Amino acid sequence: MDEQQQNKTHRKTKETRGDKRREWRKKKDEGKQRDGDHGPSSSSSSSSSRKGRPTPTQAERAANPKAFAFQSGRNAIAGERRNLDREYKKMHAPLVDRSDVSLDPPPYVVAVVGPPGVGKTTLVKSLVKNYTHQGFSHIKGPITVVSGKSRRLTFIECPNDLNSMLDISKVADLILLLVDASFGFEMETFEFLNILQVHGFPKVMGVLTHLDGFKDNKVLRKTKKKLKQRFWSEIYPGAKLFYLSGLRYGRYPKVEVHNLARFISIVKLRPLTWRNTHPYLLGDRFEDLTDPELLRTQPLCNRTVSIYGYTRGTYFKPHMKVHIAGVGDYTMKDVTLLPDPCPTPQAANTLLAKEQAEQQQQQQGGAASAAAAGEGAAKKKPTRINEKEKLFYAPMSDLGGILYDKDAMYVNIPDHQINYTRIEGGPEPSQGPGEDMVRTLQDPRHTIDEKMENADVSLFAGGNIIHVEGDTTRRRIKKEEEEEEEEEEEGGGVAKGKKQQQKQ
């Protein structure tokens, strides 16, 4: 009897399961028919059902949270990170850089900061060499290079004094903080970080140098880890830190410099609020426009100075009060727009296309508008920059040779490329043995034609001598004459020897 009851119970259970499965399939078919009658379902209806099951409500999730949790630890971490990022973006409203509204935005200012002897000058030379494939001997003032299709960078080295650190922290968009790995963090580094906190704290990247002093790899790894943790505690966890090993031919290794330059070219910089609402300018060069006669008579008179540079932030206006760092407050007389001495390839191509379209419009009588042609050229973005487009502008370092003024353009020739000229009507002052030697080489007594008229050329040692005189060429056979003289001398010597023998 017990076996019969168990069999009946098992049959009922199977029938109940079969009935439930039939009902579920019937509901599913009815739902498909309903969707077919009313057309394709919307995105909300399709997303509400997954594998034929209705989307769980908030009450169901709260009643059984474990059933709707992540099945993988990695997915759980990724989902939590995504939620935190979304909340963080809501807290910080996006800022629009007001300097980028123009056709060609100004270059980003990259400041190289560090204690003395850490390798700031060498790093700037290596970075400029990587971008422009041109080297230079000394650095003076800011250096602007083209790093991409629509991006430029201005490198400036910060001297090791408090005033320079204050001025750099006001205009720098990116800080390359150099640290001597063999010594560690110095007091100048912490002072500069405190100054950055007052001025909005722009983006900071660390660079470790002098790593070639470690001979043991284990000690090197421990030092890197220790300095990285200390750097993260000062900036923020996860801050970028690059490593530069020893020098090779006066430069850092190409691969390491290329990685650093690549990251600088693509890094995203958040505009600071104060800079975004105030105009400011980093002077590339300046000129004293004061009358020389007035300076001669009154050395302490008020001077008129013209400062050239890229405008950042908002717009400058005439007769505006400006503050010159380290000098004081002054009134600006005038603002003039000048041609860009170092344009990006994208802006240069757009301007060139507009000029060509305007010329065609004048020739063809206005068939096509210049604006439409300029927009079409702007859409055709170059895939990469050519070697000719890798421009740089460093007027204070005697690089880049061309200077644009308000009403003229000057070609700058460095002092070491200028030849000495002869002073007429007086003795030439001597500046040393080196200058005297150069003046002697540049002031020959005879021209090349005069020297060629009296020149004797011999192709082989002891061979015939060719004498060039005007347009004719004649040969002097001195070899035969010399042989005859030698034979005569030998003959005379033999005759004297015979006479002496006869006397004896």
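None of these values were measured; they are calculated from a predicted model.

J.: How would you sum up the overall build of the protein? Please name residues and give values.
T.: On a plain count of helices and strands, the protein comes out with 16 helices and 18 strands. By sequence separation, contacts in the protein at least 24 residues apart represent 65% of the contacts at least 6 residues apart. When the accessible surface of the protein is split by element, carbon and sulfur atoms take 52% of a total near 36,900 Å².

J.: Which residues make up the packing of aromatic side chains, and what are the values?
T.: Evaluation of the coordinates by the stated rule reveals 3 aromatic pairs. Above the plane of the ring of Tyr308 lies Arg285, whose end atom (NZ or CZ) is 3.9 Å from the centre.

J.: So what's going on with the pattern of salt bridges? Residues and values would help.
T.: Applying the stated criterion across every chain, the model contains 6 salt bridges. Residue Asp173 is joined to Arg275 by a salt bridge in which the shortest nitrogen-to-oxygen separation is 3.4 Å. Pair noted here: Asp173 is in the loop between helix 6 (162-171) and strand 6 (174-180) and Arg275 is in helix 10 (residues 273-276), with a separation of 102 residues, a long-range link. As a salt-bridge pair, Arg303 and Asp288 come within 3.0 Å of each other at their nearest N and O atoms.

J.: Give me the nonpolar core: which residues, what numbers.
T.: Grouped together as the largest cluster of nonpolar side chains are 30 residues, with contacts concentrated most on Leu123, Leu127, Phe155, Leu176, Leu260 and Ile264. Within the residue set of this core, elements represented by two or more residues are strand 3 (108-113), helix 5 (120-132), strand 4 (143-146), strand 5 (152-157), strand 6, strand 7 (203-209) and helix 9 (254-266). In terms of residue count, helix 5 provides more of this core than any other element does, 5 residues in total. Leaving out residues up to four positions away in the same chain, Leu123 has contacts with Val112, Leu176, Leu178, Leu244, Tyr252 and Leu260.

J.: Please give an account of the side chain of Thr132 that cites residues and values.
T.: Positionally, Thr132 belongs in helix 5. Residue class for Thr132 comes out buried when judged on its relative accessible area of 5%. A polar side-chain atom of Thr132 sits 2.6 Å from the main-chain carbonyl oxygen of Val128.

J.: Describe the sheet that holds strand 8 (residues 241-243), and please don't skip the residues or the numbers.
T.: If you walk across this open sheet you meet the 7 strands as 8-7-6-3-5-4-13, and the pairing is mixed. Looking at the sheet topology across the chains shown, the edges are occupied by strand 8 and strand 13 (392-393). Sheet topology note: the strand 4/strand 13 ladder contains 2 bridges and is antiparallel. Across the sheet, Val145 pairs through a bridge with Phe392, a residue of strand 13. Here helix 7 (residues 187-198) sits on the sheet in contact with strand 3, strand 6 and strand 7, set at roughly 160 degrees to strand 6.

Cut-off values and rules
- Residues numbered from 1 in each chain as written.
- Predicted model: local features only at pLDDT ≥ 70, side-chain atom pairs only at ≥ 80, totals over all residues.
- Heavy atoms only, no water.
- Helix = DSSP H or I, 4+ residues; strand = E, 2+ residues; numbered from the N terminus.
- Contact = heavy atoms within 4.5 Å.
- Areas by Shrake-Rupley, 256 points an atom, 1.4 Å probe, with all protein chains shown as cover.
- Phe/Tyr/Trp six-rings, centres within 6.5 Å; stacked < 30°, edge-to-face > 60°.
- Lys NZ or Arg CZ within 6 Å of the ring centre and 35° of its normal.
- Salt bridge = Lys/Arg side-chain N within 4 Å of Asp/Glu carboxyl O.
- Core = buried A, V, L, I, M, F, W, Y, C linked by side-chain atoms within 4.5 Å.
- Buried < 20%, exposed > 50% of the residue type's maximum accessible area, 1.4 Å probe, protein only.
- Polar contact = N/O pair within 3.5 Å; in protein donor to acceptor, adjacent residues only side chain to side chain.
- Pairing = 2+ DSSP bridges.
- Axes fitted to C-alpha atoms, helices over the stretch in contact; angles between N-to-C directions.

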